[in-house]
Amino acid sequence: MTKPGTFDTAEACVDAVLEKVGKRIVLGLPLGIGKANHFANAMYARAEQDPEISLTIFTALTLERPSGGSELQRRFVQPLLDRLYSDYQDLAYNQARRKGLLPSNVEVCEFFMQPGSFLGVASAQQSYVSANYTHVPRDLLDRGVNVVAQMVAPATDDSMDLSLSSNPDLTLPLLALAEERKYRHITMVGEVNPRLPFVGGDARVDHGMFDFLLEGELFEHEIFPAPNPPVRLTDYALAFHIAGLIEDGGTLQIGIGALGDAICHVLRLRHSENPDYRDILQSLNEDKARELYREPLQLGVFDRGLYGASEMVPEGFLHLRQAGVLKRQVYADKTIQELLNTGRIGDTVDEDLLMALHDAGRIQCPLTEADTEFLQGAGIVDPSYSWRGHRFLDQHGELEDCDLHSSTGRKKLLGSCAGKKLAGGTWLHGGFYLGSSAMYNALREMPESQMAGINMTAIDYINELQKGRALKIAQRQHARFVNSAMMVTLNGAVISDGLDDARVISGVGGQYNFVAQAHELPGGRSVIALASTRHQGGRIRSNILWEYPHCTIPRHLRDMVATEYGVADLRGKSDRDVITAMLCITDSRFQQELLGKAKDAGKVEASYEIPEAFANNTPERIQAVFSQGHRLKLLPYYPLGTDLTYEEAQLAIALKAVKEEGRKIWELWPILRKGLVAVKSDAPEYREVHACLKRMAFGYTDTFEHRLEAYVVAGSLIRFLDKKRPLGNVADADGNRPDIPL
């Protein structure tokens with residue numbers, strides 16, 4: 001590989017790319033944080049100036065600094081911008097398309113959008129590409145991609161290697177597919193940022209992969225943080241039900257957000273506070289007769305632990321690692337993995353391991369040269385041996401017998417490897433990561449021994465079974481792939497990406513991949529998770545529907561669905577049984593209406609009634625379960641911590657809750673009354689309320705409208721913040737927060 005050209009300005013790099021590629025640019029940018037923002041902005045600016053340039057940007061999840069759409073939001077967001085996003089460079093194309101100002105020679109296509117951010121942006125809706133995550137490399141080549149620009153991390157040693165770090169997900173399979181198709185050269189641009197964690201494994205690449213590198217202080221900036229959101233009791237109820245499905249020794253995939261945080265926290269509770277976990281789960285579970293899901297609840301601690309195989313690596317996985325939950329390692333050899341699965345071997349190198357490999361036909365006796373290379377790579381045979389003919393040479397050049405039949409011979413072969421752990425174990429395969437500042441710092445500071453167990457890799461390795469199927473089946477034991485949905489029909493069709501008028505909320509992403517994979521993996525299950533209701537326009541609406549104009553996951557792939565009221569196993573069941581199971585995890589305020597529609601359609605017999613055990617699916621029951629004893633103290637609002645300060649963490653809870661209450665004055669009147677009392681009182685119980693109002697700069701409120709807003713904020717803090725629940729670890733006034741110990 002040739003040495004890449006280096007630049008200290010993005011504009012000079014754009015000149016070089018245009019000279020090399022020409023004026024028709026199809027630019028691939030990674031999903032999430034891995035974009036080369038400086039280069040992308042310089043290329044977009046050049047296309048704005050020169051209408052002869054044709055620029056197509058193909059990407060996903062374009063992140064942007066939070067903005068305040070209302071006065072309340074502005075007051076909350078502005079200090080965060082100054083503290084968390086001061087040196088983040090927003091992408092110019094994103095701002096232009098939001099305002100409808102993209103020039104005619106520029107097109108921006110995304111296959112996954114920041115959820116809900118572009119509902120009212122016509123150009124974003126029109127240019128959305130609906131695609132499975134694993135099909136994106138194909139789509140990029142079909143569109144004629146000729147430039148990829150990615151943020152990379154430099155190695156700290158003398159190798160000059162680079163890490164694709166957060167985003168090997170599409171870059172690796174794109175280049176592999178291009179080579180397979182004998183596609184023309186794709187110009188690679190790397191924006192080197194030392195603040196990006198250096199992650200090894202498949203993400204570590206030779207710097208010669210890149211044609212051009214941007215280097216210098218200008219490109220060294222903090223990584224875009226995504227503060228952890230507050231977790232509701234509804235999320236915790238869902239998380240307990242889901243945790244009861246996850247087997248020790250299994251495989252886990254989850255996503256970002258409050259539900260993912262809740263699941264990780266509950267799995268920690270299951271391992272470290274097991275009696276409390278059992279007590280709460282059994283109290284929440286109304287399916288005592290196991291009518292909806294026949295398998296027993298998973299109640300034990302994690303002796304073998306879990307292995308992570310997740311397209312997105314959430315921060316919670318680092319917490320699970322620290323807690324001793326995410327500790328099951330998998331290996332790149334099918335025979336070793338199968339022997340581990342059956343308990344025939346452990347992960348410690350000994351004579352029995354050698355003989356088990358021989359008995360399984362993986363190695364011969366005497367050892368061949370290929371056997372030796374395999375065993376040394378796995379850390380089983382002493383690395384000091386070399387090969388000549390059919391015999392080993394030891395470190396002194398003396399011939400050694402390579403016969404496995406004697407204990408003496410086996411011990412000589414093991415040498416310094418005896419008693420050590422097998423080499424090459426992986427506890428986490430991931431495609432991309434996105435999280436809080438604490439997550440990025442944990443990855444930067446992670447000990448090498450821990451980092452060696454993470455392999456950030458190609459998305460098709462994680463999301464599909466097509467390549468290396470037998471090995472993946474051996475690795476992905478008892479897989480539980482957990483994905484969120486917006487709505488689910490009574491027939492089991494899942495809606496996760498769009499509205500009934502065809503507007504797109506986000507995208508398909510890898511959800512379909514994991515659902516299909518779960519059906520193919522022996523013992524694998526897909527779990528679709530959603531709250532049973534939502535607030536919309538000040539009203540409560542059911543997320544369990546009779547029908548919907550489109551779906552993300554068709555009903556013939558229905559598997560397991562979880563709400564805060566339980567888990568319905570839909571796989572292989574008749575339409576009638578699927579509908580009745582879904583009704584049992586529906587909020588009771590909507591059960592009869594939905595049941596009536598099913599009866600009218602002839603899908604359920606007229607005599608059917610909701611079983612008594614599931615006729616009290618109400619928020620009040622969930623609240624009552626969690627309010628018993630000390631349970632609420634186990635359920636922090638921010639179980640993984642947050643980049644928000646103490647006051648900001650409280651405000652985020654209150655503002656989110658009041659937004660759901662409605663916008664009309666009569667809907668907010670009870671909250672306003674509480675707030676008015678608090679604002680005008682100097683009583684000690686309102687001290688924290690006043691601190692939050694100060695954070696929102698309400699101390700100098702001089703208009704009636706602003707005073708009303710202050711009353712709403714104060715009343716929301718009183719109404720929605722449950723003091724029995726801890727906040728969790730928060731940032732100090734300077735934005736510092738406790739690290740994740742690993």
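Here the structure is shown first, and the text comes after it.
Presented here is a report on the structure given in the accompanying data block. As the structure is a computational prediction, the values presented were derived from the model and not from experiment. Residue numbers restart at each chain and count upward from 1, following the sequence in its written direction. Note on the predicted model: pLDDT of at least 70 is required for a residue's local features to be given, and 80 or more for side-chain atom pairs to be given and counted; whole-chain, interface and lining totals, by contrast, use all residues. Water and hydrogen atoms were dropped before computing side-chain values, which therefore reflect all heavy atoms in the structure.

**Quick look at the packing of aromatic side chains**
- The aromatic pairing rule takes the rings of Phe, Tyr and Trp, using the six-membered ring of Trp, and pairs them if the centres are within 6.5 Å, calling planes under 30 degrees apart stacked, those over 60 edge-to-face and the rest tilted. Under the criterion given, the structure shown has 10 aromatic pairs.
- On the numbers, 6.2 Å between centres and 50 degrees between planes, the contact of Tyr433 with Tyr440 is tilted. Exposure class is identical for Tyr433 and Tyr440. Each is buried.
- Three or more aromatic residues link up through ring pairs in this structure, and these residues are Phe58, Phe111, Tyr133 and Phe432.
- Sitting over the ring of Tyr637, Arg725 keeps its end group 3.9 Å from the ring centre. For every residue, the accessible area obtained with a 1.4 Å probe (protein chains only) is divided by the maximum for its type, and the residue is called buried under 20%, exposed over 50%, and partly exposed between those limits. Over a ring means this: the NZ of a Lys or the CZ of an Arg is within 6 Å of the ring centre and within 35 degrees of the ring normal.

**Considerations on the sheet that holds strand β19 (residues 494–495)**
- A strand pair is defined by DSSP finding two or more bridges across the two strands. In this description a helix means any DSSP run of H or I spanning at least four residues, a strand means any run of E spanning at least two, and both kinds are numbered starting from the N terminus. If you walk across this open sheet you meet the 3 strands as β19-β18-β23, and the pairing is mixed. Two strands in the sheet have a free side with no partner beyond their single neighbour: β19 and β23 (544–545).

**Quick look at the packing of helix α8 (residues 233–243) against helix α23 (residues 619–626)**
- Angles shown run from 0 to 180 degrees and are taken between the N-to-C directions of axes, each axis being a line fitted to C-alpha atoms and, for helices, limited to the stretch in contact. Between α8 and α23, the least distance of the axes is 10 Å, while the angle of their chain directions is 75 degrees. Viewed along their axes, α8 and α23 adopt a mutual orientation that is roughly perpendicular. Facing α8, whose interface residues are Leu233, Tyr236, Ala237 and Phe240, α23 presents Ile622, Gln623 and Phe626.
- For this classification, the nonpolar set comprises Ala, Val, Leu, Ile, Met, Phe, Trp, Tyr, Cys and Pro, the charged set comprises Asp, Glu, Lys and Arg, and every other residue, Gly included, is treated as polar. Across the contact of α8 with α23, the residue classes tally to 6 nonpolar, 1 polar and no charged. When an angle is under 35 degrees it counts as roughly parallel; over 145 it counts as roughly antiparallel; between 65 and 115 it counts as roughly perpendicular; any other value is oblique. Throughout, a contact is declared for two residues whenever any of their heavy atoms are within 4.5 Å.

**Description of empty space enclosed by the protein**
- Buriedness of a pocket was judged along seven lines, with at least five required to meet protein on both sides within 12 Å; pockets are open sets of points on a 1 Å grid over the protein atoms alone, cavities are sets where a 1.4 Å probe fits but cannot get out, and lining residues have an atom within 4 Å of a point. Grid points are joined across faces, edges and corners, and a volume is the space filled by probe spheres set on the points. With the rule as written, the count across this model stands at 5 cavities of 30 Å³ or more.
- The volume enclosed by the largest cavity comes to roughly 130 Å³.
- Around the largest cavity, the lining comprises 17 residues; the ones closest to its centre are Gly28, Leu29, Pro30, Leu140 and Leu170.
- Sorting the residues of the lining of the largest cavity by element identifies β3 (54–59), α6 (136–142), β5 (147–154) and α7 (171–181) as the ones contributing at least two each.
- Across the lining of the largest cavity, the residue classes tally to 11 nonpolar, 5 polar and 1 charged.

**Examining the layout of surface pockets**
- Empty space within the second largest pocket amounts to approximately 560 Å³.
- Taken together, 25 residues make up the lining of the second largest pocket; nearest its centre are Phe198, Val199, Gly200, Arg204 and Met451.
- If you list the elements that add at least two residues to the lining of the second largest pocket, you get α16 (437–445), α17 (448–451) and β16 (454–456).
- Broken down by class, the residue content of the lining of the second largest pocket amounts to 13 nonpolar, 7 polar and 5 charged.

**Let's talk about unusual backbone geometry**
- The peptide bond linking Cys365 to Pro366 adopts the cis configuration, its omega dihedral lying at 0 degrees.
- You can see Pro366 is positioned in the loop between α13 (351–359) and α14 (369–377).
- With a phi close to 55 degrees, Lys182 is a non-glycine residue in the positive phi region.
- Checked against the element boundaries, Lys182 lands in the loop between α7 and β7 (187–192).

**Some points on helix α12 (residues 334–342)**
- Along α12, the residues that are buried comprise Thr335, Ile336, Gln337, Leu339 and Leu340.
- In this structure, the buried side of α12 is in contact with α13, α14 and α19 (469–475).
- Any pair of nitrogen or oxygen atoms within 3.5 Å is treated as a polar contact; in protein, a donor-acceptor pairing is required on top of that, and neighbouring residues in sequence qualify only through side-chain atoms on both sides. Where α12 begins, the capping side chain belongs to Asp333, and its oxygen is found 3.1 Å from the backbone nitrogen of Thr335.

**Quick look at the pairing of β3**
- Counting buried residues along β3, 5 of its 6 residues qualify, which places the element largely inside the surrounding structure.
- For strand β2 (residues 24–28) and β3, the ladder comprises 5 bridges, and the chain directions are parallel. Considered in β3, the bridge of Leu27 is made with Ile57.
- Viewed along the sheet, the connection from β2 through helix α2 (residues 37–49) into β3 turns out right-handed.
- Here 5 bridges tie β3 to strand β4 (residues 106–110), and the two strands are oriented parallel to one another. Note on β4: the bridge partner recorded for Thr59 is Glu110. Crossover handedness is defined here as right-handed if the route from the first strand over the helix to the second strand goes clockwise, with the strands pointing away from the viewer.

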